[in-house]
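# Examining the three-dimensional arrangement
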Amino acid sequence: MEAFSSHRGVVATLDRANVDTDQIIPKQFLKSIKRTGFGESLFFDWRYGDDGKPNPAFELNQPAFAGASILVTRNNFGCGSSREHAVWAVAQYGFKAVIAPWQDRNGSRVPGFADIFRNNCVKNGLLTIELSEAEVDQLFDWVERFPGVEATVDLEEQRVILHMDEEVAFHFDVDPVVKEHLIRGLDDIALTLEHEADITSFEQQHETQLHA
Amino acid sequence: MVGKTLFEKIWDKHVVKTMPDGTVLLYIDRHLVHEVTSPQAFEGLRMAKRAVRRPDLSFATMDHNVPTTTEDRMTIRDPISAAQVEALRTNCKEFGVNLYDLQSDHQGIVHIIGPEMGITVPGLTMVCGDSHTSTHGAFGTLAFGIGTSEVEHVLATQTLRQSKPKTFRVEFTGKLQKGVYSKDMILKLIGLIGTAGGTGYVIEYAGEAVRALSMEARMTICNMSIEGGARAGMIAPDDTTYEYIAAKDRPFAPKGEAFDRAVEYWRSLPSDPDAEFDRVLTIEADKIAPQVTWGTNPGMVVDVTDRVPDPHSVPGHSVKDVEQALAYMGLSPGTPMTEIPLDTIFIGSCTNARIEDLRTVSGIIKGRKKADSVRVIVVPGSQQVRKQAEAEGIDKVFIDAGAEWRHAGCSMCLGMNPDQLKPGERCASTSNRNFEGRQGKGGRTHLVSPEMAAAALLEGHFVDIRNWAA
Ligand code: SF4
């Protein structure tokens, strides 16, 4: 996996909450047995009209968002199925980072991304960033005022910097395990296999309860 | 020392090693595999010249792409679907993984065949590249969905690197009213906490109303944990669980003395009385009404006696989100839920296509005809369920009522095979997701219990089944 430290690019906004994996990549594209070629199909039903041409009303089709690599969206992004195809599609479209708000619901913090989706992002070097709702609102405002504005997401420093005449920066928290993983671009399986002996000795005393 | 929860007991028993960063290497007892989320994982193994560490603990079947009509089932016409199914065959053969292929008596939706064959028992860790793996938690097992990279990781190492989730106890007090079922309990919960409310938690369902449920009804609840954002849902095992496991020929379940020993262990699993949860919630089960979704996520749900809501009055959703959902669903605020006309009734999916579900529906519709306005598709969850239903004459009841009686698969739950809604078609579905386009581009889904689907099938619209005579 490619290592991630810092990235600068155009910010696109998608003003929808609870964007589910069926929207991110509809079922007909899950039939592929390859790991590539999903970028074209990202948000397919929203992105293209019935005639197969780009739907001009869809946010990401705005000329100002051409080549965007940072996506700002609303809460609970990536809910639904475990399909990693959704993450492949977002990443292969060209996004390097997705920003969504965490929410406060009756005193408990509700994450901005669905669990499995977020996990899958880590495995593919796609950075998910959670900001507060107020901060995400601000990002939406700035992008509306300055379409095509660029930002830097700096994972080392845990900052999102919006490049305008006067720069605006937001700090974000990140799970240290995830940070390390992304920055070093680690291969999980190779890492785990370093503990092969532990797995084997665990297996010898563990009852899997399978009777055949 | 404070007691442990069911989840903690299972978690602790499966920790191979705690890493310096605090994550753990968790041993995985069962790995279920299907055709959609596995090909890239097998390909990854092949490229790295790695083997499947424990093929004996890995079980595969094809369910998502499979046509469900007798004519099309064995020869999949869509070449891309056919290639995906073929890839699973090749991969299972090459890597030595157990496969329940289309001609097998045990083929079916992966979450239905696991329990059916005794692959699922209490106290395990179970994963599958599928978010509804949470279903298996009904047995008191820790079961959750993973992505394809993690599928590859489990195939190669039989472990996963995990951070410990938080625990959430949901207690359903009292008894359900007549006409209200486990599907309504879980929809009610999702309506209350929202589709992200359980993110980061493992939910344990408890309380009188849960204990009273059959195993199959419990699976329905755990199945939809993910619709509430929780990767896993669990129910402590009890006599209902042990009876289910012992009841039938379940080839992989312990038998005889081994079974007795297993039960002894399983009895130690339920959460200790003084165990602490990170979050708790109590729901009065006796107050729950039959639920019907009106929107484009499972949290957009109301009592069947309610009306389509006003965009300004939906907690947890912005006005814009609700407006978008209503526009997609073709509904106007204020319309009584019971007056929405339906085109299609889908009885199927890993949520509600087990034998009890089919028995319930056929019991209600026996000797009657479907409403003229609706098309009815009944897709048993597995070939075993289909066989059992046919032995009981349930297939006849459906066919006589004017329904289509199909073979096992995911079918119109996600429309990856030819079973899809057309744009604008409105469906009462016993499945789990009402996302835009889920059952077919432009299709409109209302999630309901099998009993509500039975009533809707006869009437052509929803009814308050608590005081309705078929
Ligand atoms: S029935 Fe539906 S939810 Fe269940 S595994 Fe199949 S596609 Fe997924």
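Note that this is a predicted model, so its numbers are computed, not measured. (Residues numbered from 1 in each chain as written. Chains lettered and ligands numbered in written order. Predicted model: local features only at pLDDT ≥ 70, side-chain atom pairs only at ≥ 80, totals over all residues. Heavy atoms only, no water.)

Each partner contributes to the interface: chain A provides 61 residues, whereas chain B provides 84 residues. For chain A, the biggest contributors to the area lost against chain B are A:Lys27, A:Lys31 and A:Gln209; these three give 13% of the whole. In this structure, the connection of chain A to chain B is made through eleven salt bridges. A salt bridge links B:Lys441 to A:Asp50; the nearest nitrogen and oxygen atoms lie 3.7 Å apart. Where chain A touches chain B, the interface holds 41 residue pairs in polar contact (both at pLDDT 80 or more). For the side of chain A that touches chain B, the secondary-structure elements that each account for two or more residues are helix H1 (21-24), helix H2 (44-47), helix H3 (85-93), strand E5 (108-110), helix H4 (115-123), helix H7 (188-193) and helix H8 (196-205) of chain A. Taken together, the residues of the side of chain A that touches chain B break down into 21 nonpolar, 19 polar and 21 charged. (Contact = heavy atoms within 4.5 Å. Buried area = accessible area lost by both parts, 1.4 Å probe. Salt bridge = Lys/Arg side-chain N within 4 Å of Asp/Glu carboxyl O. Polar contact = N/O pair within 3.5 Å; in protein donor to acceptor, adjacent residues only side chain to side chain. Helix = DSSP H or I, 4+ residues; strand = E, 2+ residues; numbered from the N terminus. Nonpolar A, V, L, I, M, F, W, Y, C, P; charged D, E, K, R; others polar.)

Bringing the pairing of strand E15 (residues 344-347) of chain B into the picture now. Residue and element names in this part refer to chain B. Burial of the side chains of E15 extends over both faces: Thr 344 and Phe 346 are buried on one face and Ile 345 and Ile 347 on the other. Bridge count for E15 against strand E16 (residues 375-378) is four bridges, and the pairing is parallel. When the bridges of E16 are listed, Phe 346 appears paired with Ile 377. Regarding topology, helix H12 (residues 355-365) serves as the crossover connection from E15 to the parallel E16, and that connection is right-handed. Two strands pair when backbone bridges link them, and E15 and strand E18 (residues 426-429) are joined in this way by three bridges, in the parallel orientation. Paired with Thr 344 across the two strands is Cys 427, which belongs to E18. (Buried < 20%, exposed > 50% of the residue type's maximum accessible area, 1.4 Å probe, protein only. Pairing = 2+ DSSP bridges. Right-handed = clockwise from strand over helix to strand, strands pointing away.)

The next point concerns the sheet that holds strand E19 (residues 444-447) of chain B. Residues and elements named next belong to chain B. Ordered by their spatial adjacency, five strands build an open sheet running E17-E16-E15-E18-E19, and the pairing between neighbours is parallel. The sheet is open, and its two borders are formed by strand E17 (404-405) and E19, each paired with just one other strand. One ladder, built from two bridges, connects E16 with E17; its direction is parallel. Paired with Ile 377 across the strands is Glu 404, a residue of E17.

With that settled, the discussion passes to the side chain of B:His132. Residues and elements named next belong to chain B. With respect to the helices, strands and loops of the structure, His 132 is situated in the loop between strand E6 (125-128) and strand E7 (142-145). By relative accessible area, His 132 is classed as buried at 3%. Looking at His 132, its side chain comes within polar contact range of the side chain of Glu 227, at 3.0 Å. Ignoring sequence-local partners within four residues, the contact set of His 132 consists of His 111, Asn 223, Ile 226, Glu 227, Cys 350, Asn 432 and Arg 433.

This part takes up the pattern of salt bridges. Per the counting criterion, the structure on display carries 45 salt bridges over all chains. Residue A:Arg74 pairs with A:Asp137 through a salt bridge whose shortest N-O separation is 2.8 Å. A residue pair is termed long-range when its members are at least 10 positions apart, and A:Arg74 in the loop between strand E2 (70-73) and H3 and A:Asp137 in helix H5 (residues 133-145) qualify at 63 residues. Relative accessible area serves as the criterion here: at 18%, A:Arg74 is assigned to the buried category. Notably, a salt bridge pairs B:Lys175 with B:Glu208, separated by 3.0 Å at the nearest N-O pair. Of this pair, B:Lys175 sits in the loop between strand E9 (166-173) and helix H6 (182-193) while B:Glu208 is found in helix H7 (residues 208-211), placing the two residues 33 residues apart along the sequence. Judged by its relative accessible area of 60%, B:Lys175 is exposed. A relative accessible area of 40% places B:Glu208 in the partly exposed class. The structure contains a network of salt bridges with shared partners spanning A:Glu196, A:Glu203, B:Arg53, B:Arg54 and B:Asp56.

Here we come to the pairing of strand E3 (residues 30-34) of chain B. Residue and element names in this part refer to chain B. When you tally the buried positions in E3, you get five out of five residues, the bulk of the element. Burial of the side chains of E3 extends over both faces: Arg 30, Leu 32 and His 34 are buried on one face and His 31 and Val 33 on the other. For E3 and E6, the ladder comprises three bridges, and the chain directions are parallel. Counterpart to Leu 32 in the pairing with E6 is Cys 128. Strand direction decides the pairing type here: E3 and strand E4 (residues 58-61), joined by four bridges, are parallel. By the bridge assignment, Leu 32 is partnered in E4 with Phe 59. Chirality of the crossover, the property in question, places the unit of E3, helix H2 (residues 39-48) and E4 among those that are right-handed.

This next bit is on H4(A). Residues and elements named next belong to chain A. For H4, the tally of buried residues reaches eight of nine residues, placing the bulk of the element in the interior. When we look at burial in H4, the residues that qualify are Asp 115, Ile 116, Phe 117, Asn 119, Asn 120, Cys 121, Val 122 and Lys 123. With its phi angle positive at about 70°, Gly 125 sits one or two positions after the end of H4.

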